[in-house]
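Read off the chains here:
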Amino acid sequence: MSIKSVKQRDQLGSQLMKQALTEGGPLGEGAQKRAVAFLERALQTVGFDPGTKDNKFTAETAKAVRQFQEAWGLEATGQLDQGTLNKLDHTLQRARKHGSGCPDCNQKGFQGAIGVGQKNLDAFDAEKRLKKLGYDTGKVDGVFDQKTAEAVRQFKKDQPELKKNSESSLVDKKTFQSLQREVNELQHAPYRRRLTEGHAQHRKLNAATAEAAKKQNTDGTRGIGPGSSKRAVENVQKHLKAAGFDPQRTDGVWDERTASALKTFQQKSDLKETGRVGSGTWAKLAKSFTLAKGKTDPAQALGERSAAVLASEKLLKKAGFNPGKVDGIFDRATQRASRAFEKRFKGLGDDGRIGEGQLERMQTVARAKQNPGSGPTLKEGYRGTPVKALQKRLDQLGFANGANDGVFGPKLESAVKKFQRAHGLPADGTVGPKTWRMLGIDVKGKVQKPGSVGGGSVTSGGGWGGSEKVANAAKSIAASMGIPVTSQKRNLADTIRVGSSTASDHYTGNKTAFAVDFGVAGARGDQLARAIAKKYGIPQGNIGTFNGHNVRINGANYRLQLLWRVEGHFDHVHLGIRRA
């Protein structure tokens, strides 16, 4: 049947019932008229079963009329009079308009907006939820009566998103969803909220509340409840809200919503549901706030509900670890995500708690996921602007790496390895694409590789006496390892170019010294330095100390200096030969 034809039928039925009332007065049990069939159909549409639908006004019809009248607060005569007909017309039109009129009113799922004078599963569900939240709906029977209407209006007044429509008792989809949400949000263990300021005032107020919880009242009750001081009730309401059982107000007025929130808290805390705050209840309710110094002091853990947890959940999600619903509640899903992060990035523990170190690591990983870094490959012995940028970035992230001098030395390599281990990367000390990605910065610039600096002509001059011959043995060792000679004597132009001085053993003007550099880095540099030291009897402890060592070769005395892994000598091994 079309909407137009349904409306026309309703209008016809209303006219026939009105006509019957005008002609013969109220319709009651025993009446047999065509108008009765329309009455029965209307009653069924708004949810009251009139029995067999025919032209006979039976005892079942009278019962349905009485139930409808009681819902509206009318005199329950069981007869159809003009006042009852007016309410029936109004209710029927509402049911038609909002889609909540149903031939079978036992359908599940919200059918449409409902109000006074209707009976169905949605009304029953709304009553149950209102009752759970502490509102008095009277009998929970699915009949939307005046008591239910008052409970709905009170609920709307207590809900910020519904308050502007609190004069209406209509339960629309928004109201129904709000009821569902409020009740569903009570299904959890008590939460804790992080309090980072006002600790002294908080302790003072809690101490006063604890005293009130012990107090024997004049009416024979004990503890905090109806009639207690505004200050104590307000503090209880704030703690209930922090625990996740929101009374929707913190004004110090003890109402039905506060009482219901308290009973739910007691139930979820394995306490007796007294509806009052005694010492035992307060001892647990007081724990709903954690006095904290910051976001991770103490560490975020299971049961916390706070802005700090919300931020951590967002970071975990950005880092690729699913915390479930991102709602600021540290639940089992959040804990599982945190543990997965700890397993992936070593050194953070394995308890799922989020402390300062883990939070910083999560920030780094999340940042790298969203804004991955890039740069040239760097390893020990390299130097240049990119190395300096690397040193600065590692220092920012808390990985000490020595001087910010643009030289990739052992301390920097050690710091890189620590960073790599901390972020689940192969700890090889080489900064490649994966390491740059996690560092989260974009770096460009020229890289000077081992052997590309400290150079100069290898034929710009000779040494004194047989010093060049002394160097030949070291050259042979390097050649056998495939390591090139990058510099011997330098002219003035080359000396200036590489930032050296005329006091250097490499300078052609220095006639009593000779030096040779071998372009190498890393483990091979270690190997070469040890081999040269062994050849000339240089103590291993003298390598890289700027200490000289006297030797006698072919009847002449020489003072040798072997520099490696020391300032300015991370990309080459230096052998200096001077007159002893």
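Residues numbered from 1 in each chain as written. Predicted model: local features only at pLDDT ≥ 70, side-chain atom pairs only at ≥ 80, totals over all residues. Heavy atoms only, no water.

**Thoughts on the overall build of the protein**
- The helix and strand inventory of the protein stands at 20 helices and nine strands.
- Since a compact globule built from 580 residues should have a radius of gyration of about 25 Å, the 43 Å found for the protein marks it as more spread out than a globular shape.
- With respect to the three principal axes, the spread of C-alpha positions in the protein is 145 × 65 × 30 Å.
- With 580 residues in all, the protein has 48% of them scored as buried.
- By sequence separation, contacts in the protein at least 24 residues apart represent 54% of the contacts at least 6 residues apart. (Helix = DSSP H or I, 4+ residues; strand = E, 2+ residues; numbered from the N terminus. Rg over C-alpha atoms; globule rule 2.2 N^0.38 Å. Buried < 20%, exposed > 50% of the residue type's maximum accessible area, 1.4 Å probe, protein only. Contact = heavy atoms within 4.5 Å.)

**What to know about the nonpolar core**
- Among the nonpolar cores identified, the biggest contains 61 residues, and L27, L39, F57, F144, I224, V236 and W254 are the most heavily contacted of them.
- Dropping the residues within four chain positions of it, V236 is found in contact with T209, I224, W254, V277, W282 and L285.
- Ranked by size, the runner-up nonpolar core spans 36 residues in total, among them V365, V387, F399 and A415. (Core = buried A, V, L, I, M, F, W, Y, C linked by side-chain atoms within 4.5 Å.)

**Side note on helix α5 (residues 121-132)**
- For α5, spanning 12 residues, the distance from its first C-alpha to its last is 16 Å, which sits close to the expected 16 Å at 1.5 Å a residue.
- Residues of α5 that are buried in the fold lie against α6 (146-158) and α7 (173-184).
- N-cap assignment for α5: the residue whose side-chain oxygen lies 3.1 Å from the backbone N of D122 is N120.
- Directly beyond the C-terminal end of α5, a positive phi value near 100° is found at G134. (Expected span 1.5 Å × (residues − 1). Polar contact = N/O pair within 3.5 Å; in protein donor to acceptor, adjacent residues only side chain to side chain.)

**A look at the layout of surface pockets**
- The computed volume of the second largest pocket comes to approximately 380 Å³.
- Forming the boundary of the second largest pocket are 12 residues, of which V6, K7, D10, Q93 and R96 lie nearest the centre.
- Of all the secondary-structure elements, those providing two or more residues to the lining of the second largest pocket are α1 (3-24) and α4 (82-98).
- Here the residues of the lining of the second largest pocket sort into three nonpolar, four polar and five charged. (1 Å grid on protein atoms, 1.4 Å probe; cavity = no way out; pocket = protein on both sides within 12 Å on 5 of 7 lines; lining within 4 Å. Points joined across faces, edges and corners; volume = space filled by probe spheres on them. Nonpolar A, V, L, I, M, F, W, Y, C, P; charged D, E, K, R; others polar.)

**Some details on the pairing of strand β8 (residues 556-563)**
- Sheet analysis places strand β7 (residues 549-553) next to β8, joined by five bridges and oriented antiparallel. Paired with V551 across the bridge in β8 is Y558.
- Bridge count between β8 and strand β9 (residues 572-579): six bridges; the pairing is antiparallel. Bridge pairing links Y558 to R579 in β9. (Pairing = 2+ DSSP bridges.)

**So, empty space enclosed by the protein**
- Counted under the stated rule, the structure contains one cavity of 30 Å³ or more.
- Lining the largest cavity are R9, D10, G13, S14, M17, F38, R41, A42, T45, D89, L92 and R96.
- If you list the elements that add at least two residues to the lining of the largest cavity, you get α1, α2 (34-45) and α4.
- No other element matches α1, which puts five residues into the lining of the largest cavity.

**Concerning the side chain of H239**
- Note that H239 resides in helix α9 (residues 230-242).
- At 2.9 Å, the side chain of H239 and the backbone oxygen of N235 are in polar contact.
- Apart from the residues lying within four places of it in its own chain, the contact partners of H239 are H202, N206, W282, L285, A286, S288 and F289.

**Thoughts on the pattern of salt bridges**
- Following the criterion strictly, the structure yields 19 salt bridges and no others.
- A salt bridge links D125 to R129; its shortest N-O distance comes to 3.0 Å. Taken together, the positions of D125 and R129, both in helix α5 and four residues apart, correspond to about one turn of that helix.
- For D125, a relative accessible area of 18% gives the class buried.
- Residue classification places R129 among the buried residues on the basis of a relative accessible area of 16%.
- Via salt bridges that share partners, D158, R249, D251 and D255 belong to a single interconnected network. (Salt bridge = Lys/Arg side-chain N within 4 Å of Asp/Glu carboxyl O.)

**Some remarks on the sheet that holds β7**
- If you walk across this open sheet you meet the five strands as β5-β6-β9-β8-β7, and the pairing is antiparallel. Each edge of the sheet is formed by a strand with only one pairing partner; in this case those strands are β5 (485-487) and β7. Averaged over all adjacent pairs, the angle separating strand axes in this sheet is 35°, with direction ignored.
- Most of the contacts of helix α18 (residues 467-480) go to strand β6 (residues 513-519), to which it runs at about 10°, and overall it touches β5, β6, β7, β8 and β9. (Axes fitted to C-alpha atoms, helices over the stretch in contact; angles between N-to-C directions.)

**Some remarks on the pairing of β6**
- Taken across its seven residues, β6 has seven buried, putting it largely inside the fold.
- Burial of the side chains of β6 extends over both faces: A513, A515, D517 and G519 are buried on one face and F514, V516 and F518 on the other.
- Looking at chain direction, β6 and β9 are connected through seven bridges and run antiparallel. For V516, the partnering residue across the bridge sits in β9 and is L575.

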